[in-house]
Amino acid sequence: MLNTPTRTLTSRTVFLLQDNVDTDQIIPARYLKTTSREGLGQHLFADWRRDAAGQARPEFVLNGPQAQGAAVLVAGRNFGCGSSREHAVWALRDYGFRAVVALSFADIFRNNALKNAVVPVQIEPDAHARLVAAGGGEVTVDLVSSRITLPDRTSSPFPLEPFSRHCLIEGVDELAYLIAQEADIAAHERRNRILPKEQNP
Amino acid sequence: MTAPRTLFAKVWDSHLVRPSQPEMPDVLYIDLHLIHEVTSPQAFSELRARGLEVRRPDLTLATMDHSTPTTPRTGGIRIVDDEARAQLSTLAANCQEWKIPLYALEDARQGIVHVIGPEQGVTQPGRTIVCGDSHTSTHGAFGALAFGIGTSEVANVLATQCLLAARPKTFAVTMDGRLSSSVTAKDLILALIARIGTAGATGHVLEYRGSAIRALGMDERMTVCNMSIEAGARAGMVAPDETTFGYLHGRPQAPRDQAWDAAVRSWRGLPTDEGAVFDRDITLDAAALAPMITFGTSPGAAIGIDQPIPHANGDETLAGALRYMALESGKPLLGRPIDVVFIGSCTNGRLSDLQQAARVFDGRRVAAGVRVLVVPGSQQVKRDAEAIGLHEIFRAAGAEWREPGCSMCIAMNGDNLLPGQYAVSTSNRNFEGRQGAGGRTFLASPLTAAAAAIKGAIADPRTVGC
């Protein structure tokens, strides 16, 4: 999917600090019976936001006033583990999140997030502790320098592969790049004799 | 002479369509793309929006499994709701438009995507296999490199048959020793995840090695590889051997005659070379293991079934899990009443799993008040099970014998727990609400699940007898 080119992002933060937040929590499977990627924000953390009767759970952080308008979610370790459902990222993005700051991410979630311009910002424990201590202030995620500026004005690096950074900053996706590799792809197929049946000699 | 290489490195390197470039991800060719109704529709929409074609429909295979009903088909197939129906018909239309082979609900080959690939012989050693489903790691049991991808990547593979990917690291898991009675492949993998944690293998491809792995049949190796993702791994692999070749020989889409001989010769070159170096390694004593069961809301929260429920010791995540499960630290799990038993899924829905469960059910009755669903992984598994009379054993015991599908593992087809219910499940995830909003899951082997069904409570399969 093509995204809006992004260089920096500044927002207040909202905390969901437990470890191992799995994609079944981010969006429960019963909301996966859709053929669209739109409109999934209403189901984000559905069972944590609402009780069985559909009433908002006041104790859940996204239902609090501090969460309104925040585009950066702060989590613990291994955020996005479990199911590969990209719906989890679509739900976060549709709800308004543009970055998730965590101690670590599950591999597939991280991949999915980068493809939808939801920036996975993995920071070290000391920076994470400073961010939590600041209690929900504003952060700036700078994609050009791969650094996050914390509310206490200190800044901390986060890993971002050069090609992913390029895609985010330019607002391009991987598909156009892959299509441009056609000559090499076709050569690989000939070399390994994996041609469609009708093209076999 | 080239340096010794791992199984993973051999498969990865042979699928690079161009040499690795600095600061760029690798371009990896995909030999087999499996798709299903839930994670493919938005990928096809993306192709359509960009005016692209499916590059290799002949290397793509579709099935229906996640949102499909498993209720008996007497009187027709009853799909749970209009959304599920629309999802299934969208897959059928996409496959028809792009000439992708589809095992639809009425097809004799239909089943869970990770059960049908091996069964049909399309899962082969040395192949790269992807699917928009995290349990694609299952296929690694054959010495394939198989991993789950998101829907954007499904679109990439549909359009180009390739993925951009950073090279993962390697992690050797050596499991030596002979499993004791009533201890199975499921217990092996739960023990590993408990040991290294659900993020223990993030960024790595696991290779399972050692005498305990060599002694496993293919169904069991698939159980182990299936849950690699639950340890955070990108994939899990087992080097192919005679067991692998014996399973594949004669499968509908396996090579035949001279092509078979050539394939086996090439597959014999895949196992990790003597002296190859892994980035990490760990050893597990398989002989020391007891049947395992989870107690929390993460697959790593697993203990020997006769152990007390652990203390959270200040771990807020674990404390929250115990609250959700309504369990008390220090108390035993054994004897705890349960409401539902689910036997099935891509983890434990193959014939040998059902045979194990049937040994426990044979001549016994399900405890009063317990609902038991036995869901074969595919139409083929269902036919094979019925041919040896397993369905009669399950029914006589009072269990439901269902149609194939993911069913109560993901609970999006109408099979689900009710709020507060406890289930012993042979599936792969005990996340909050995974089997239905408010439901509580204990993950275990088919033997342990069947023992719980008979006792109406968590029970040690070693004492129930099977």
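Relevant structure appears above.
Since the model is a prediction, treat every value here as computed from it, not as a measurement.

A. Expanded view of the overall build of chain A. Of the regular secondary structure elements, chain A holds eight helices and seven strands. The dimensions of chain A, computed from C-alpha atoms along their principal axes, are 65 × 45 × 25 Å. The 201 residues of chain A split such that 54% are buried. When the accessible surface of chain A is split by element, carbon and sulfur atoms take 50% of a total near 8,400 Å². Taking the average place of the 22 positive charges on the side chains of chain A and the average place of its 23 negative ones, the gap between the two points comes to 1 Å.

B. View of the pattern of salt bridges. Residue and element names in this part refer to chain B. Within the structure shown, the criterion is met by 36 salt bridges over all chains. With its nearest N and O atoms 2.7 Å apart, the salt bridge here joins Arg 402 to Asp 415. With Arg 402 in the loop between strand E16 (400-401) and strand E17 (422-425) and Asp 415 in the loop between E16 and E17, this pair connects stretches of sequence that are 13 residues apart. The class of Arg 402 is buried, set by a relative accessible area of 6%.

C. Structural view of the interface of chain A and chain B. Between chain A and chain B, the residue contacts involve 54 residues of the former and 62 residues of the latter. Buried area between chain A and chain B, summed over both chains or domains, comes out near 4,700 Å², and the portion from carbon and sulfur atoms is 54%. Contact with chain B buries surface across chain A, with A:Lys33, A:Thr35 and A:Leu175 losing the most and accounting together for 15% of the total. Remark: the boundary between chain A and chain B carries eight salt bridges. For the pair chain A and chain B, the number of links is 28 residue pairs in polar contact (both at pLDDT 80 or more). Among the secondary structure elements, those contributing two or more residues to the side of chain A that touches chain B are helix H1 (23-26), helix H2 (46-49), helix H3 (87-95), helix H4 (107-115), helix H6 (162-170), helix H7 (174-179) and helix H8 (182-191) of chain A.

D. Representation of the packing of aromatic side chains. What the rule picks out here adds up to 16 aromatic pairs over all chains. Ring centres 5.6 Å apart and planes at 85 degrees place the aromatic pair B:Trp260 and B:Trp267 in the edge-to-face group. Exposure class is identical for B:Trp260 and B:Trp267. Each is buried. Among the aromatic residues, those joined into a ring-pair cluster are A:Phe45, A:Trp48 and A:Phe60. One residue, B:Arg251, lies across the ring of B:Tyr247, its end atom 3.8 Å from the ring centre.

E. A look at the layout of surface pockets. Approximately 1,400 Å³ is the volume found for the largest pocket. Of all elements in the fold, only H8 of chain A together with helix H1 (7-13), strand E3 (60-63) and helix H10 (257-267) of chain B reach the threshold of two or more residues within the lining of the largest pocket. If one sorts the elements of the lining of the largest pocket by residue count, H10(B) sits on top with five residues. Broken down by class, the residue content of the lining of the largest pocket amounts to 19 nonpolar, 10 polar and nine charged. Approximately 1,000 Å³ is the volume found for the second largest pocket. What lines the second largest pocket is a set of 49 residues, and nearest its centre among them are A:Arg110, A:Asn111, A:Leu114, A:Glu161 and B:Ala166.

F. Structural detail: the sheet that holds strand E6 (residues 145-148) of chain B. Residues and elements named next belong to chain B. One open sheet accounts for five strands, arranged E4-E3-E2-E5-E6; its pairing is parallel. Lying at the two open borders of the sheet, with one neighbouring strand each, are strand E4 (102-103) and E6. In the sheet, strand E2 (residues 32-35) pairs with E3 via three bridges, with the strands oriented parallel. Paired with Leu 34 across the bridge in E3 is Leu 61. Along the sheet face, helix H4 (residues 113-120) touches E2, E3, E4 and strand E5 (128-131) and points at about 130 degrees away from the line of E3.

G. Structural view of H4(A). Residues and elements named next belong to chain A. Burial within H4 is extensive, with eight of its nine residues counted as buried. All buried positions along H4 are accounted for by Asp 107, Ile 108, Phe 109, Arg 110, Asn 112, Ala 113, Leu 114 and Lys 115. Two residues or fewer after H4 comes Ala 117, characterised by a positive phi angle close to 55 degrees.

H. Spotlight on the nonpolar core. One finds A:Phe45, A:Phe79, A:Leu92, B:Val341, B:Phe361, B:Phe394 and B:Phe442 to be the most contacted residues of the largest nonpolar core, which totals 87 residues. No other element matches helix H16 (residues 446-455) of chain B, which puts seven residues into this core. Residues B:Val183, B:Ala191, B:Leu192 and B:Ala239 belong to the second largest nonpolar core, which totals 85 residues.

Criteria and thresholds
Residues numbered from 1 in each chain as written. Chains lettered and ligands numbered in written order. Predicted model: local features only at pLDDT ≥ 70, side-chain atom pairs only at ≥ 80, totals over all residues. Heavy atoms only, no water. Helix = DSSP H or I, 4+ residues; strand = E, 2+ residues; numbered from the N terminus. Buried < 20%, exposed > 50% of the residue type's maximum accessible area, 1.4 Å probe, protein only. Areas by Shrake-Rupley, 256 points an atom, 1.4 Å probe, with all protein chains shown as cover. Lys, Arg positive; Asp, Glu negative; His and termini not counted. Charge placed at Lys NZ, Arg CZ, Asp CG, Glu CD. Salt bridge = Lys/Arg side-chain N within 4 Å of Asp/Glu carboxyl O. Contact = heavy atoms within 4.5 Å. Buried area = accessible area lost by both parts, 1.4 Å probe. Polar contact = N/O pair within 3.5 Å; in protein donor to acceptor, adjacent residues only side chain to side chain. Phe/Tyr/Trp six-rings, centres within 6.5 Å; stacked < 30°, edge-to-face > 60°. Lys NZ or Arg CZ within 6 Å of the ring centre and 35° of its normal. 1 Å grid on protein atoms, 1.4 Å probe; cavity = no way out; pocket = protein on both sides within 12 Å on 5 of 7 lines; lining within 4 Å. Points joined across faces, edges and corners; volume = space filled by probe spheres on them. Nonpolar A, V, L, I, M, F, W, Y, C, P; charged D, E, K, R; others polar. Pairing = 2+ DSSP bridges. Axes fitted to C-alpha atoms, helices over the stretch in contact; angles between N-to-C directions. Core = buried A, V, L, I, M, F, W, Y, C linked by side-chain atoms within 4.5 Å.

Scope: geometric values only; no functional claims are made or implied.
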